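Each chain, written out:
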Amino acid sequence: MSSLGAPLPAAADGPYFRAELAAPTQQARAIAGGVMFQCHDTTCLAGRSGHRPLRVCRQLVREVGAVTAFSADGEAFSEDEIARCNA
């Protein structure tokens, strides 16, 4: 169980994708890049996808709104990548 109160998608050491949103979302789930994100307040988590992380991030932004941080496999996006994601 995650701190969000729901099981996280399968991943070896936790979620593969992590997004911090600019504003809280009321959506508990969102699909982006072919994976289900579990969202609570300003945090969304998901397992691995076959899509490029930037594509997943852009799709998530379309579903839940702008992100302030995004990481894939523990590797955080740069400020430039965040800007491209939110574009």
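Just so you know, the residues in each chain are numbered from 1, in the order the chain's sequence is written. Per-residue local features of the predicted model are confined to residues with pLDDT of at least 70, and side-chain atom pairs are confined, for both listing and counting, to 80 or more; whole-chain, interface and lining totals are unaffected and use all residues. Excluded from the side-chain calculations are hydrogens and water; all other atoms, namely the structure's heavy atoms, are used.

**Brief notes about the confidence of the model for the protein chain**
Values of pLDDT, ranging from 0 to 100, describe the predictor's confidence in every residue of the model. Chain-level statistics for the protein chain give a pLDDT mean of 88 and a share of 85% at 70 or above. Contacts: residue pairs with any heavy atoms within 4.5 Å of one another. The low-confidence segment residues 1–11, where pLDDT is below 50, has 16 contacts with residues more than four positions distant or belonging to other chains.

**Some details on the nonpolar core**
Generally speaking, nonpolar side chains in soluble globular proteins are found buried as a group. Core analysis: the biggest nonpolar cluster contains 23 residues, and F17, F37, C44, L60, V64, V67 and F70 have the highest contact counts within it. Each helix is a run of DSSP H or I of at least 4 residues and each strand a run of E of at least 2, with the numbering of both proceeding from the N terminus. Those elements that provide at least two residues to this core are strand 1 (17–25), strand 2 (29–32), strand 3 (35–46), helix 1 (53–64), strand 4 (67–72) and helix 2 (79–86). Examining the composition of this core, we find that 6 residues originate from one element, helix 1, more than from any other. Among buried residues, those of type Ala, Val, Leu, Ile, Met, Phe, Trp, Tyr and Cys that are joined through side-chain atoms within 4.5 Å constitute a nonpolar core. Only protein chains enter the accessibility calculation, which uses a 1.4 Å probe. A residue is then buried if its area is under 20% of the maximum for its type, exposed if over 50%, and partly exposed in between.

**Things to note about the packing of aromatic side chains**
Working definition: a ring pair exists when centres of Phe, Tyr or Trp rings (six-membered ring for Trp) sit within 6.5 Å. Plane angles under 30 degrees give stacked, over 60 give edge-to-face, the rest tilted. Enumeration according to the criterion identifies 4 aromatic pairs in this entry. Between Y16 and F17, the aromatic rings sit 4.9 Å apart at their centres with planes inclined by 85 degrees, giving edge-to-face as the arrangement. As far as burial versus exposure is concerned, Y16 and F17 are alike and both buried. In this structure an aromatic cluster arises from ring pairing among Y16, F17, F37, F70 and F77.

**A word on the pairing of strand 3**
One requirement defines pairing of two strands: DSSP has to find at least two bridges between them. For strand 1 and strand 3, the ladder comprises 5 bridges, and the chain directions are antiparallel. Among the inter-strand pairings, E20 is bridged to a residue of strand 3, identified as T43. By the bridge criterion, 4 bridges tie strand 2 to strand 3 in an arrangement that is antiparallel. Bridge assignment links I31 to a residue of strand 3, and that residue is M36.

**Notes on the side chain of S71**
Summarising the element assignment, S71 is placed in strand 4. On the basis of relative accessible area, S71 is assigned to the buried category, the value being 14%. For S71, the contacting residues outside a window of four places in its chain are Y16, F17, R18 and A76.

**A closer look at the sheet that holds strand 3**
Strand order across the open sheet formed by 5 strands is 2-3-1-4-5, with antiparallel pairing between neighbours. Bordering the open sheet on either side are strand 2 and strand 5 (75–76), each of which pairs with just one other strand. Sheet topology places strand 4 next to strand 5; 2 bridges connect them, and they run antiparallel. Counted as the bridge partner of A72 is E75 from strand 5. Contacts from helix 2 reach strand 4 and strand 5 within the one sheet, and its direction differs from that of strand 4 by about 110 degrees. Axis definition: a line fit to C-alpha positions, over the contact stretch in the case of helices; interaxial angles, taken between N-to-C directions, run 0 to 180 degrees.

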